[in-house]
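# Structural characterization, general
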Amino acid sequence: MQRFRALVCLLIGAFTATCAWAVHDVTVVVHDPYLELHSGPGRGFPVTQVVDRGESVQLLRQRTDWIKVRTNRGREGWVNRAQLEATLTPEGEAVRLAGPAPDSRTSHRWEVGIGAGDFDGADVLGVTGSFALSESLYVRADVSQLFGSYSNGWLGTVGLAHAFPTLWRITPFIGIGTGLVYVEPRTTLVQARNRTDQVAYAGAGLRGYLSDRFLLQAEYRQFVVFTDTNDNEVVNEWTVGFTHFF
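Starting afresh in each chain, residues are numbered from 1 along the sequence in its written order. Restriction of local features to residues with pLDDT of at least 70 applies here, the model being predicted, together with a cutoff of 80 or more for giving and counting side-chain atom pairs; totals for whole chains, interfaces and linings are based on all residues. The basis for every side-chain value is the complete set of non-hydrogen atoms in the structure, without hydrogens or water.

## Section: the confidence of the model for the protein chain
- Scored between 0 and 100, pLDDT is the confidence that the predictor attaches to each residue. Summing up the model confidence of the protein chain, the mean pLDDT is 81 and the portion of residues at 70 or higher is 76%.
- Going along the chain from the N terminus, every DSSP run of H or I of four or more residues is numbered as a helix, and every run of E of two or more is numbered as a strand. Looking over the protein chain, one finds the lowest element-wise mean pLDDT in helix H1 (residues 2-19), namely 48, and the highest in strand E9 (residues 137-147), namely 95.
- We call two residues in contact when some of their heavy atoms are within 4.5 Å. Confidence drops under pLDDT 50 across residues 12-22; counting only partners more than four residues distant or on other chains, this segment forms 20 contacts.

## What about unusual backbone geometry?
- Notably, aspartate 120 is not glycine yet its phi reads approximately 55 degrees, a positive angle.
- When its relative accessible area of 55% is taken as the criterion, aspartate 120 is described as exposed. In this scheme, a residue with accessible area under 20% of its type's maximum is buried, one over 50% is exposed, and one in between is partly exposed, where area comes from a 1.4 Å probe on protein chains only.

## Remarks on the pattern of salt bridges
- For this document, the term salt bridge refers to a Lys or Arg side-chain nitrogen within 4 Å of an Asp or Glu carboxyl oxygen. On inspection of all chains with the given rule, the structure shows ten salt bridges.
- The salt bridge involving arginine 207 is made with glutamate 111; its shortest N-O contact spans 3.0 Å. In this pair, arginine 207 is assigned in strand E12 (residues 195-209) and glutamate 111 in strand E7 (residues 110-119), connecting sequence segments 96 residues apart. Across the pair, exposure class does not vary: arginine 207 and glutamate 111 are buried alike.

Right under this line is the structure:
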C-alpha cells in the first residue's frame, strides 16, 4: 500500500508539472484581425476583451492549449494556442508553442508510461511500452508488480491496442492481448504453492493529451486466468497513469 501511495503522489506531481509551465518574457504581435482574450483557460470562459491586429501582447503562462497574456494596456486574459500561433514575434517570425497539436497525436511511433491501480483487490504498479504500426494501431507490452494482502506477484502481457481517430483532446481506445501472471502467496498456516498461469485480456480506456509529449491514460481490462485445474478465473483490473510519446 505504501508503494501504491508513493506512485500516486509521483503521478500527481508529474500531472502538475505537465499541465502548466511558464513562457515568461515573450512578446508577440497580433497578426490575425483580432485576438480574443477569455477570462479563464477554456472556451467555456467568456471573452472579456479583444486585441486588434498590430498590437502586442506578452506571454505569461501556459496551461495545456491555453496561454495567459498581458496586453500593452496591462490587462490580462487567456488565449487559445491555435489562435496565438497566428501571431508573430517583433522580428516577424512565427510563434511556436508547446502543446498537443493534432498531428502529434498520430505521427509519433513510440510510447512509454507508468501507472497504478487495482488488480482483483491487489495494488498494481506497472510500466508500459508500445510501438505504432499505423496511426491508430499499436503493439504494446506491459509489466506490472502486484501487492496483495495475502500474496504478491508479477503480471506481463503483450497485445494490440486500437485508438479511435478524433480531433478531441480525449481519445477512446480498445485492446486485446495475452500474457503470464505469477503469484507468490505469503507465509500462512497452510502452505500454498506458487502459481504461474497464462492470461488473456480485453480492455478499453480513455487517453487525454496534456502537452506535446505527455498524456493521461485510464484503462479497464478484464482478464481470464487459465489455471491448470481447468477452472478459469475472471479478474478485473483498472489503472491510471501517464504516458510519454516520441
